[in-house]
Amino acid sequence: MTPEGQALLRQGAAELGLNVEGQLPQFEQLLDLLVEANSRVNLTALKTESDIVLKHFVDSLSCLRGGHLDGAGLRVLDIGTGAGFPTLPLAIVRPEAAFTPLDSIRKKIDFVRAAAEALNLTGVTPLVGRAETLGRDPEHRERYDRVVCRAVAALPILVELGLPLLKPGGLLVAQKGPISDEELHAGRRAAGEVGGRVTEVDAFTLPVLGDARTLVVIKKVAPTPKKYPRREGVPNAQPLF
Ligand code: SAM
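**Examining the pairing of strand S1 (residues 75-79)**
- Burial within S1 is extensive, with 4 of its 5 residues counted as buried.
- Pairing analysis gives 5 bridges linking S1 to strand S2 (residues 98-103), with the strands arranged parallel. What sits directly across from Arg75, in S2, is Ala98.
- On the question of chirality, the crossover connecting S1 to the parallel S2 by way of helix H4 (residues 87-93) is right-handed.

**Digging into unusual backbone geometry**
- With an omega of 15°, the peptide bond between Phe85 and Pro86 qualifies as cis.
- Relative to the assigned elements, Pro86 resides in the loop between S1 and H4.
- Looking along the chain, the bond that leaves Tyr228 and enters Pro229 is cis, with omega of 0°.
- The residue Pro229 is located in the loop between strand S7 (212-220) and helix H9 (234-237) in this model.
- Despite not being glycine, Asn120 has its phi angle at roughly 60°, a positive value.
- With respect to the helices and strands, Asn120 occurs in the loop between helix H5 (106-118) and strand S3 (127-128).
- Assessed through its relative accessible area of 57%, Asn120 is described here as exposed.
- Although it is not a glycine, Glu142 adopts a positive phi angle of roughly 55°.
- When you line up the elements, Glu142 lands in the loop between helix H6 (131-134) and strand S4 (144-150).
- Judged by relative accessible area, Glu142 falls into the partly exposed class, the value being 31%.

**Here's the deal with the layout of surface pockets**
- Volume-wise, the largest pocket comes out at about 580 Å³.
- Along the walls of the largest pocket sit 31 residues, with Gly80, Asp103, Arg150, Ala151 and Val152 positioned nearest its centre.
- Counting residues per element, the ones that place at least two in the lining of the largest pocket are helix H3 (49-61), S2, H6, helix H7 (155-162) and strand S5 (166-176).
- At 3 residues, the largest contribution of residues to the lining of the largest pocket is made by H3.
- Looking at side-chain class alone, the lining of the largest pocket contains 12 nonpolar, 10 polar and 9 charged residues.

**Observations concerning H5**
- For H5, spanning 13 residues, the distance from its first C-alpha to its last is 18 Å, which sits close to the expected 18 Å at 1.5 Å a residue.
- Residues of H5 that are buried in the fold lie against helix H2 (24-38), H4, S2 and S3.
- Where H5 terminates, the next one or two residues include Asn120, which has phi positive at roughly 60°.

**Re the packing of aromatic side chains**
- Scanning the model with the defined rule gives 2 aromatic pairs in all.
- Relative to Phe85, the ring of Phe57 lies with its centre 6.2 Å away and its plane at 35°, an arrangement referred to as tilted. A residue pair is termed long-range when its members are at least 10 positions apart, and Phe57 in helix H3 and Phe85 in the loop between S1 and H4 qualify at 28 residues.
- Take Phe57: its relative accessible area is 0%, and that puts it in the buried class.
- Residue Phe85 is classed as buried on the basis of its relative accessible area, which comes to 4%.
- Through pairs of rings, three or more aromatic residues link up here, namely Phe27, Phe57 and Phe85.
- Sitting over the face of the ring of Tyr144, Arg75 holds its NZ or CZ atom 4.8 Å from the ring centroid.

**Describing the site of the ligand**
- Inspection of the region around the ligand gives 17 residues, with Gly80, Phe85, Asp103, Glu132 and Arg150 positioned closest.
- Gly80 places a main-chain nitrogen or oxygen 2.7 Å from a nitrogen atom of the ligand.
- At a separation of 3.4 Å, a nitrogen atom of the ligand approaches a polar side-chain atom of Arg130.
- When the ligand sits alone it has 600 Å² of accessible area, and the protein chains cover 79% of it.

Reading the values: the criteria
Residues numbered from 1 in each chain as written. Predicted model: local features only at pLDDT ≥ 70, side-chain atom pairs only at ≥ 80, totals over all residues. Heavy atoms only, no water. Buried < 20%, exposed > 50% of the residue type's maximum accessible area, 1.4 Å probe, protein only. Helix = DSSP H or I, 4+ residues; strand = E, 2+ residues; numbered from the N terminus. Pairing = 2+ DSSP bridges. Right-handed = clockwise from strand over helix to strand, strands pointing away. 1 Å grid on protein atoms, 1.4 Å probe; cavity = no way out; pocket = protein on both sides within 12 Å on 5 of 7 lines; lining within 4 Å. Points joined across faces, edges and corners; volume = space filled by probe spheres on them. Nonpolar A, V, L, I, M, F, W, Y, C, P; charged D, E, K, R; others polar. Expected span 1.5 Å × (residues − 1). Contact = heavy atoms within 4.5 Å. Phe/Tyr/Trp six-rings, centres within 6.5 Å; stacked < 30°, edge-to-face > 60°. Lys NZ or Arg CZ within 6 Å of the ring centre and 35° of its normal. Near = heavy atom within 4 Å. Polar contact = N/O pair within 3.5 Å; in protein donor to acceptor, adjacent residues only side chain to side chain. Areas by Shrake-Rupley, 256 points an atom, 1.4 Å probe, with all protein chains shown as cover.

What follows is the structure, given as structure tokens:
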């Protein structure tokens, strides 16, 4: 990573209240791995160092706002992790948590696994699959303290995919761009249907770039009815609200 890239990462993290000095070598290694893998397989549209640092690394770290991912031993599922975001940056700064990054696309999970091994992120257990399938699997249903997701789907869809996987009292932390009143309203109604309640809507701007982001936090306050999640593809094709 160039000194400029390092400075952006330091500044972005500092604006989020984080000091990443001790983790700079891991972020540098992740950048190198991502750039190298992306030259062979199409993993992410972001190619430049500053884009990767700000729009992948710092953007992922913004999921830590509010402290919802603090606490020893948390089991965190990342639905639709793609090339490992937000999991990999989060696992670098929260090595005490156990992360399960999930994606339906094998080549993406192959990269996440290789990167986690190279960075010695022993708390990361990547998984190929669909959230709908996991949500019906007793090994995964109601097994997670937190579900995170970034840039995966509209809120009512995320709610149907995420809530079945949470333990009672667990939190879905959805990182999104600006969210419309309509999407939020639909998300609130969907949450009610699957045992959740929106507890926080945190609108903020991304460090350095100033792009609008929203962290929506939904708490599991009641068991999710057995009929959810519906079968593969249905939550997307026919959102609850
Ligand atoms: N979260 C990553 C990020 O922010 O860079 C990737 C975002 S990408 C736009 C969405 C990813 O979600 C894709 O890799 C896709 O394969 C995955 N995905 C979408 N629906 C899914 C589902 N139901 N189960 C598992 N993965 C899913």
